[in-house]
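# Remarks on the overall topology
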Amino acid sequence: MTEAPKAFQPRARSVHDLLFAPGSRGVLIATSKDPDAKRTFIVTPPAGTYIDGPAGPVAIKIPVTVAAAGAISRETRMLVALGDVDLGEFGTTVPRYLETLDSDGLPAVVTTVLRGVPMSVGYHRWLHTSRPRAVAQDFALAGGWLRQLQLATAGPRSRITWAGEVSGAVRARWAGHPKLEAAQVRLAAADRQLRSHRVAATVVHGDYWFGNLLVDDGRISGVVDWENGARTGSPLRDLVRFALSYCLYLDRHTRPGREVHGHRGLRRTGFGAGIRYGLLEPGWLPDLVRLYLRTGLDHLGLPTILWYGAALAGLGEIAATANDDDFAAHHLELLAALPYWPLTDVAEGVGVL
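So, here's what we can say about the structure. (Residues numbered from 1 in each chain as written. Predicted model: local features only at pLDDT ≥ 70, side-chain atom pairs only at ≥ 80, totals over all residues. Heavy atoms only, no water.)

## With respect to the pairing of strand β4 (residues 97-103)
Going by this rule: Strand pairing requires that DSSP identify at least two bridges connecting the strands. Numbering of helices and strands runs from the N terminus; a helix is a DSSP stretch of H or I covering at least four residues, while a strand is a stretch of E covering at least two.
Pairing of β4 with strand β5 (residues 106-112) involves six bridges; the strand directions are antiparallel. The residue of β5 that forms the bridge with S103 is L106.

Okay, here's the thing in structure tokens:
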């Protein structure tokens, strides 16, 4: 059977028409109970439907709360801004904004669909994070995509004020918290180290953790959830966020008090044990984490010794911005408990903050 001429195939005037066309199919792929909870649907229009070309699946993100509507509005602005950036073929790894719909008076955003499986699926597969080769591949993929983004969007170099800005945001959110001053001391040390250097501002994803990275055929095929992104900002934010998030959940499948399989010396002993381990302890994974951070800094034209100060600032940023108060507070307390400098680097004679 031959395909009908385009003139006789179903046509739609807008994405809205596609979503509600007879024969469209939808599946819920994500939802949450966060304060800014959203539901994400993948909608496939009827075969042969056209707007300006064959219509493929689209993603529609629907807010559950007013706070979620604000997050969707931020993501919409970010995706529109990214649409004006020439990313070349690399742009296929970023969702393309299509349309905004009304959802009971709140904005719902429609974007293109990116093929791939979240890296978090592999991460939580049995014993994945105990295998050096698998973990090294995760870091290589994340670091490679990030370097492409930063190279494609690099602007003028300017002084690194990120840690100082984080310090102000932490103080504004956690005034009166018993761990605030200890956390501020560490952010001040990070600021003294980072502020003496300059780096090119780049596009920033803002939540560059493995749950937002899609993998297909051994490559990063997409990066989603741009609601915390910035058209221009410090590239250290994304570099550090991936490393911290990867370490945070290393003990997720281990019983309290037990040693984490494949990581001698790491036990599930409370919030952030994996982060402390990844930043400060000996072992193949901490070595990999520190190598990833140093390599990222080197590609940005920065001294590799800045890795620990950047990590402290990254912890502070989560404490300042996380939408869950308990999650944010745990990061504040972890930051306050860390040493001012990485003991591993002291032992190696690399230097201290």
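## Observations concerning the side chain of H331
Applicable threshold: By the criterion applied in these results, polar contacts are pairs of N or O atoms within 3.5 Å in which, for protein atoms, one can donate a hydrogen and the other can accept it, and in which residues neighboring in sequence qualify only through two side-chain atoms. Whether two residues are in contact is decided by their heavy atoms, any of which lying within 4.5 Å being enough.
Positionally, H331 belongs in helix α11 (residues 325-337). From its side chain, H331 meets the backbone oxygen of F327 in a polar contact 3.0 Å long. Not counting chain neighbours up to four residues away, the residues in contact with H331 comprise L248, F271, I275, L315, I318 and A319.

## Some remarks on the sheet that holds strand β6 (residues 117-118)
Strand-to-strand pairing in sheets goes through backbone hydrogen bonds, with the strands running parallel or antiparallel. Cut-off, in case you're wondering: Only the stretch in contact is used when fitting a helix axis, every axis being a line fitted to C-alpha atoms; angles between N-to-C directions are given from 0 to 180 degrees.
Pairing is antiparallel across the open sheet formed by three strands, whose spatial order is β6-β10-β11. The sheet is open, and its two borders are formed by β6 and β11 (219-223), each paired with just one other strand. Relative to strand β10 (residues 213-216), β6 runs antiparallel, the two sharing two bridges. Pairing of V117 across the sheet is with V215, part of β10. Those strands touched by helix α4 (residues 132-153) are β10 and β11, and its axis lies near 60° from that of β11.

## A word on the packing of aromatic side chains
Worth spelling out the cut-off: Stacked, tilted and edge-to-face are the three classes applied to pairs of Phe, Tyr and Trp rings, where Trp contributes its six-membered ring and a pair requires centres within 6.5 Å; stacked means planes under 30 degrees apart, edge-to-face means over 60, and tilted covers the rest.
What the rule picks out here adds up to 17 aromatic pairs. Seen from their ring centres, Y123 and Y246 are 4.7 Å apart, and the 85° between their planes marks the pair as edge-to-face. Taken together, the positions of Y123 in helix α3 (residues 119-123) and Y246 in helix α7 (residues 236-248) put the pair 123 residues apart, joining distant regions of the chain. The interplanar angle of 50° and the centroid separation of 6.1 Å between the aromatic rings of Y208 and F242 together place this pair among those described as tilted. Note that Y208 is positioned in the loop between β9 (202-204) and β10 and F242 in helix α7, a separation of 34 residues in sequence. Members of the aromatic cluster, each reached through a chain of ring pairs, are F90, Y123, F139, W145, Y208, W209, F210, W226, F242, Y246, Y249 and Y292.

## Points about the nonpolar core
Going by this rule: Residues enter a nonpolar core if they are buried and are Ala, Val, Leu, Ile, Met, Phe, Trp, Tyr or Cys, with the set joined through side-chain atoms within 4.5 Å. For every residue, the accessible area obtained with a 1.4 Å probe (protein chains only) is divided by the maximum for its type, and the residue is called buried under 20%, exposed over 50%, and partly exposed between those limits.
Counting 80 residues, the largest nonpolar core has F139, W145, W226, L236, F242 and L279 as its most contacted members. The dominant element in this core, judged by the number of residues it contributes, is helix α10 (residues 307-321), at 10 residues. With sequence-adjacent residues up to four places away left out, F242 is seen in contact with M119, D138, F139, A142, Y208, W209, F210, L213 and Y292. Within the second largest apolar cluster, six residues are counted, among which are V43, V58, L101 and V110.

## Quick notes on the environment of A190
Considering the arrangement of structural elements, one finds A190 in helix α6 (residues 180-194). For A190, a relative accessible area of 0% puts it in the buried group. Note: C-alpha distance between A190 and G164 (26 residues apart in sequence) is 8.3 Å. If sequence neighbours within four positions are ignored, A190 has contacts with A163, G309 and L312.

## Details of unusual backbone geometry
If you check the backbone angles, L127 has positive phi at about 70° while not being a glycine. Assignment of secondary structure puts L127 in the loop between α3 and α4. Judged by its relative accessible area of 23%, L127 is partly exposed.

Functional significance is not addressed by these values, which are geometric in nature.
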